[in-house]
Amino acid sequence: MTDLKNRYDLAVIGAGPAGLAAATLAAKRGVSTVLLDEQAAPGGQIYRAVTQTPVRNPSVLGTDYWHGADLVGPFRDSGAEYLPSSTVWSVSRSLEIGLSREGAARILPARHIILATGALERPFPIPGWTLPGVMGAGAAQILLKTSGLVASGNVVLAGTGPLLWLLAWQYLRAGARIDTILDTTPRENWRQAMPHMTTFLRSGYIGKGLKLLLEVRRKVKVIDNVTSLRAEGDGRVQSVLFRRGDGAEQRIPADTLLLHQGVIPNINLANATGCAQAWDETQRCWVPTVDAWGATSVEGVSIAGDGAGIGGALAAEHRGRLAALDALHRLGRMDRAQRDREAAPHREALEKAERGRVFLDTLYRPGKDFRVPQDDTIVCRCEEVTAGQVRDAVKLGVSGPNQTKSFLRCGMGPCQGRLCGPTVVEVIADARGVSPAEVGYYRLRPPVKPITLAELASLPKREDEIAAVAPH
Amino acid sequence: MFQRLPNASGERVSFTIDGRPAEALAGDSVAAALIANGVQTCRSTPVSGAPRAPYCMMGVCFDCLVTIDAVGNQQGCQVRVRPGMRVETQNGKREIER
Amino acid sequence: MPMPQPDVIVVGGGLHGCSAALHLSMRGVKVLVLEKDHIGRHASGVNAGGVRQLGRHVAEVPLTVASMALWHGIRDLVDDDCGFESHGQVKVAENEAELASCQARADQLRALGFTHEEVVDQAELRRLVPAIAEHCVGALMSRRDGAAIPYRTTFAFKRKAESLGARFLEGVTVGRIVRNGKAWTVETADGARHSAPVLVNCAGAWADRIAAQMGEPVPLEVIAPMLMITARMPPFIKPVVGAAGRTLSFKQFPNGTVLIGGGLLGRAYRDENWTDLDFANVTTNARTVWDLFPIMRGATIVRSWAGIEARMPDEIPVIGPSSTEEGVFHAFGFSAHGFQLGPIVGRITADLITKGGTDLPIDPFRIQRFRQTAAAA
């Protein structure tokens, strides 16, 4: 890594649509820019493997997916530096990035940082969700995109949200079989979503989305109003037990169970950097607090894309460009008036891309029983802590996630709360009878991704630390 | 249980899983390669010994931890399979003997 | 309906505040603890958990020995084993010079009547710590030492005190403290007022502010000791290990994770409840681990953090009555090694309040020592 600059003007973290668009715009204006990404190829998750997927028939993954390729070309031509296979484990308030690459670590300073780390699937804690063979629908989508792998045998999809239907549609296009879709969309959500229907009908989602939904429903058995789920099996999933409404339990065989109930911002890096965050009641998740340009509470750090609130891939792209324009302004390359002028078309595109979101967010908000699970359900997969254990701790007076973490080890595992945080907060809030906003969230610290001692030991030395380490 | 789509093509990569020879496509992550080779469990948990397999495929769940070329606790979904790579599943509970 | 006036107000809900509350409650004293965040939020909840007699400042030795007796019966004291495990602590000597100074230390303590520290040779060290690097020649050891879980311990003291009648208010920041005749009135940020005849200052990294209000300012430094913890590893050490010649400690928990730390510092911002980690410093720790434990080369760090702690210039705490005001007592400034002393210092504080004195020698910890220094300057 000796050919890297000592300091970049702009560092963008995450090579999904927001990161690609931001880095492209800034670099084209002559700002020294580096794009850092964990994966070996650009695209983030939504456009995962867009430059190298073995699934070359474009009608399988769909045109929305292939739009990702349109972002990569301009990025490669922009003059930005690209560092794939690089894991960022820390961003400090003084804008130093700790990253690892090829077994060595490095501290990389920047004058401005845009976090574009996107989203992850909302945890879907049901009894048995830790069994091999149970995975996220997003995970199945990644296996399809990167490796052309599809689930076989008895395949059951369960949950709610656009990605579930998109995956089902992609599977059908690929010739894969889906036995059943268990739709957990709560009935009452329709009533709550109705007021937002007219805006939704004017949005970009309605045309494609409806077509896709109807095609899947025509070809796959869909069971609506599923109110409970349990994955069963010995050593791996073998069947799924579910209930429709208040009805009797039914059991269906499953070799693979794909769960999905929406995506939520991936906030670990922002949180560990000290960016303020707030509870969003509509999206029912924690969201970093940002202004209209993506600027956070930490000077010099902005967030673009789903990491600052779920808006989808196109919205992420436009937010990336807005964040880049603001970075240019903050770096002194553009005055405010020019920034605002140049932002106008991106704002307009953003507004259009976000139209209809509220309808989708409301319709697909997961039901309470899938956010606040029963006692015997594991909520912390890493440390195998159940919802019941969290509730018992709350009864003892352990009143927040940081305390339950210290008390139960819940949240102390390698995932750093990514898969348990939202659930733990909701379980505590429900047990205490307060809002999740009042309960708060984990206080995260770097490294936000594990780092080996070998990597840490390889960080370049400074004079004072030579003195500190020498035996005395 | 996962199958490769018939027209998913690419360069083949030879590697080993727990000492057994296996094949993957260039571009597969180690986790994907294990799934393609029918490996159902890639580790058992240190807490209870429960079997686990990849869950998120994007580096956030840490259930796909495997040993790669003798270095343990690596996220299989974040590492691309390379020719000659030695992948070992991490089964077995670890507990301090008293 | 208003609560009855407490006998004692304790400022600070860390381990020392909770321990004082417990020992006082055991004697029927009505205690109110005022904590600005939540119990065990700061140093008490996030330290390395070392339950250590080994290597302490000579002034602390009588206290540490008395406290260790309490630790070995902790379940009886607080109805919880606090995760306490005792496999000893060792301070490794990497060469003959270091081993000689270990011997000198053991001799010094023996001359004072304390036998808990002994020197072990290379063979014994290898037996106790098989994974230690080959070049290590021996160690200073305290066999009854060990480690516990800091948050769980603090919380257990709190719960037991509460069961005996102590009251704890969390999220309540102490502001002005005013004397009202024989009582103290404490104003808190939520606009409330609490009164009691006796005040105990266990405010940790903020204790200098309480002391200043009493007219006895102290040169307290706010520090952020850093720690890091690994993913689970195969079991390879039982004693807690430190190094004579380096700032380091580490311990492996029953679940296999290894906690690494020891005197390396981040930066604390005490009014923001925030600490910055300094990864250059963490790198330093990483290399030391390497040199002492080759098996750790395969370790992955999954988390790092730094608490907010108080350090006094002479690295020993302030314990004892106020030098300026009646009815005020201090227990703060534990300089990153207060955890093991928690059980005994609460007892000392209760002794001072209920009996007017204590059997343990606390003169070296008097708050006046800073005034003397200031006067001499």
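The structure we're discussing is the one just above.
What counts and what doesn't
Residues numbered from 1 in each chain as written. Chains lettered and ligands numbered in written order. Predicted model: local features only at pLDDT ≥ 70, side-chain atom pairs only at ≥ 80, totals over all residues. Heavy atoms only, no water. Helix = DSSP H or I, 4+ residues; strand = E, 2+ residues; numbered from the N terminus. Rg over C-alpha atoms; globule rule 2.2 N^0.38 Å. Buried < 20%, exposed > 50% of the residue type's maximum accessible area, 1.4 Å probe, protein only. Contact = heavy atoms within 4.5 Å. Pairing = 2+ DSSP bridges. Axes fitted to C-alpha atoms, helices over the stretch in contact; angles between N-to-C directions. Core = buried A, V, L, I, M, F, W, Y, C linked by side-chain atoms within 4.5 Å. Phe/Tyr/Trp six-rings, centres within 6.5 Å; stacked < 30°, edge-to-face > 60°. Lys NZ or Arg CZ within 6 Å of the ring centre and 35° of its normal. Salt bridge = Lys/Arg side-chain N within 4 Å of Asp/Glu carboxyl O. Buried area = accessible area lost by both parts, 1.4 Å probe. Polar contact = N/O pair within 3.5 Å; in protein donor to acceptor, adjacent residues only side chain to side chain. Nonpolar A, V, L, I, M, F, W, Y, C, P; charged D, E, K, R; others polar. 1 Å grid on protein atoms, 1.4 Å probe; cavity = no way out; pocket = protein on both sides within 12 Å on 5 of 7 lines; lining within 4 Å. Points joined across faces, edges and corners; volume = space filled by probe spheres on them. Parallel < 35°, antiparallel > 145°, perpendicular 65-115°, else oblique.

Observations concerning the overall build of chain B
Helix and strand content of chain B: 1 helix and 8 strands. Of the regular secondary structure in chain B, the N- to C-terminal order runs β-β-β-α-β-β-β-β-β. For chain B, the C-alpha radius of gyration of 14 Å lies close to 13 Å, the compact-globule estimate for 98 residues. With the C-alpha coordinates of chain B rotated into their principal frame, the extents come out at 55 × 25 × 20 Å.

Re helix 3 (residues 61-71) of chain C
All of the buried residues along helix 3 of chain C are C:Val61, C:Pro62, C:Leu63, C:Thr64, C:Ser67, C:Met68 and C:Trp71. Structurally, helix 3 of chain C contributes buried residues whose contacts are with strand 3 (50-51), helix 4 (74-78), helix 5 (96-111), helix 7 (150-163), strand 22 (318-321) and helix 10 (342-355) of chain C.

A closer look at the sheet that holds strand 9 (residues 174-180) of chain C
Residue and element names in this part refer to chain C. If you walk across this open sheet you meet the 3 strands as 9-10-11, and the pairing is antiparallel. The strands lining the two open edges of the sheet, one partner per strand, are strand 9 and strand 11 (193-196). Here the average twist between neighbouring strands, direction ignored, is 20°. Where strand 9 and strand 10 (residues 183-188) come together, 5 bridges link them in antiparallel fashion. Following the sheet pairing, Arg 179 is matched in strand 10 by Trp 184.

Looking at the nonpolar core
If you look at the biggest cluster of nonpolar residues, it comprises 170 residues, and the most contacted ones within it are A:Ile97, A:Tyr171, A:Leu182, A:Leu229, A:Leu259 and B:Tyr55. Apart from residues lying up to four places away in sequence, A:Leu182 is in contact with A:Val156, A:Leu157, A:Ala158, A:Gly159, A:Ile223, A:Val226, A:Leu229, A:Val240, A:Phe242 and A:Ile252. Counting residues in each nonpolar core, the second largest holds 45 residues, with C:Val10, C:Ala161, C:Ile316 and C:Ala350 among its members.

Some remarks on the packing of aromatic side chains
Tallied over the full model, the rule gives 15 aromatic pairs over all chains. Sitting above the plane of the A:Trp293 ring, A:Arg347 keeps its charged end 4.4 Å from the centroid.

Structural notes on the pairing of strand 13 (residues 226-232) of chain A
Residues and elements named next belong to chain A. In the sheet, strand 13 pairs with strand 14 (residues 239-244) via 6 bridges, with the strands oriented antiparallel. Residue pairing across strands places Ala 231 opposite Val 240, the latter belonging to strand 14. In sequence, strand 13 turns back onto strand 14 through a hairpin of 6 residues, with Gly 233 there showing a positive phi of about 160°.

Structural notes on the environment of A:Pro132
Relative to the helices and strands, A:Pro132 resides in the loop between strand 7 (119-121) and strand 8 (134-136). Its relative accessible area of 1% is what places A:Pro132 among the buried residues. Spatially, the C-alpha atom of A:Pro132 lies 6.9 Å from that of A:Gly235, the residues being 103 residues apart in sequence. Contact partners of A:Pro132, with chain neighbours within four places excluded, come to A:Gly235, A:Arg236, A:Val237, B:Gln40, B:Thr41, B:Pro51, B:Arg52 and B:Ala53.

Observations regarding the pattern of salt bridges
In a structure, side chains of opposite charge can pair up when their charged atoms sit close to one another. Residues and elements named next belong to chain A. Counted by the stated rule, this structure contains 64 salt bridges over all chains. Across the pair Asp 376 and Arg 230 runs a salt bridge whose closest N-O atoms are separated by 3.3 Å. Of the two residues, Asp 376 is situated in the loop between helix 12 (357-363) and strand 21 (378-380) and Arg 230 in strand 13; the sequence distance between them amounts to 146 residues. Residue Asp 326 is joined to Arg 339 by a salt bridge in which the shortest nitrogen-to-oxygen separation is 2.6 Å. Residue Asp 326 is found in helix 10 (residues 313-330), and its partner Arg 339 is found in helix 11 (residues 336-354); the two are separated by 13 residues along the sequence. For the pair formed by Asp 326 and Arg 339, the shared burial category is buried. One salt-bridge network, held together by shared partners, links Glu 299, Asp 326, Arg 330, Arg 339 and Asp 340.

So, the interface of chain B and chain A
Each side of the interface is counted separately: chain B has 36 residues, and chain A has 50 residues. Counting each side, the surface lost to burial between chain B and chain A is near 3600 Å², with a carbon and sulfur contribution of 57%. Inspection of the chain B/chain A interface yields 1 salt bridge. Close ionic contact of A:Arg381 with B:Asp63 constitutes a salt bridge, the shortest N to O distance being 2.5 Å. Put simply, chain B and chain A have 15 residue pairs in polar contact (both at pLDDT 80 or more) between them. At the level of elements, strand 1 (2-4), helix 1 (30-36) and strand 5 (51-52) of chain B are the ones that each hand at least two residues to the side of chain B that touches chain A. Of the residues that constitute the side of chain B that touches chain A, the class distribution is 20 nonpolar, 11 polar and 5 charged. In this structure, strand 9 (residues 149-151) of chain A lies alongside strand 1 of chain B, joined through 3 bridges in antiparallel fashion. Residue pairing for strand 1 of chain B: A:Leu149 is matched across the bridge by B:Arg4.

Brief notes about the side chain of A:Asn271
Inspection of the secondary structure assignment puts A:Asn271 in helix 9 (residues 268-273). On the accessibility criterion, A:Asn271 (9% relative accessible area) is buried. Aside from chain neighbours lying at most four places away, what touches A:Asn271 is A:Gln277, A:Tyr441, A:Tyr442, A:Arg443, A:Leu444 and C:Trp274.

A word on empty space enclosed by the protein
Residue and element names in this part refer to chain A. Going through the model one piece at a time under the given rule, you end up with 6 cavities of 30 Å³ or more. In this structure, the largest cavity spans a volume of roughly 120 Å³. Taken together, 15 residues make up the lining of the largest cavity; nearest its centre are Ile 264, Pro 265, Ile 267, Pro 422 and Tyr 441. Elements supplying a minimum of two residues to the lining of the largest cavity: strand 17 (263-265) and strand 19 (285-288). Tallied by class, the residues present in the lining of the largest cavity amount to 9 nonpolar, 3 polar and 3 charged. Of the voids in this model, the second largest cavity is the one considered here, and its volume is about 50 Å³. In terms of lining, the second largest cavity is formed by Arg 122, Pro 123, Pro 125, Gln 261, Phe 370, Arg 371, Pro 422, Thr 423 and Glu 426. For the lining of the second largest cavity, the element with the highest residue contribution is helix 15 (residues 421-432), accounting for 3 residues.

Topic: the sheet that holds strand 2 (residues 31-35) of chain C
Residues and elements named next belong to chain C. Here 6 strands make up an open sheet; going across it, the order is 8-2-1-12-23-22 and the pairing mixed. Two strands lie at the open edges of the sheet, namely strand 8 (167-170) and strand 22, each paired on one side alone. For this sheet, the mean inter-axis angle between neighbouring strands, taken without regard to orientation, is 15°. Summarising the sheet, strand 1 (residues 8-11) and strand 12 (residues 198-201) pair through 4 bridges and their orientation is parallel. From the neighbouring strand, Ile 9 faces strand 12, where its bridge partner is Leu 199. Across the sheet, helix 1 (residues 15-26) lies against strand 1, strand 2, strand 8 and strand 23 (328-332), angled at about 170° from strand 2, the strand it touches most.

What about the packing of helix 3 of chain C against helix 10 of chain C?
Each pair of packed helices can be described by the angle between their axes along with the distance between the axes. Residues and elements named next belong to chain C. Where helix 3 meets helix 10, the closest approach of the two axes is 7 Å, and the angle between their N-to-C directions is 110°. Taken together, helix 3 and helix 10 sit at an angle that is classed as roughly perpendicular. On the side of helix 3, the interface is formed by Leu 63, Ala 66, Ser 67, Leu 70 and Trp 71, while helix 10 contributes Gly 342, Pro 343, Ile 344 and Ile 348. By residue class, the composition of the contact of helix 3 with helix 10 is 7 nonpolar, 2 polar and no charged.

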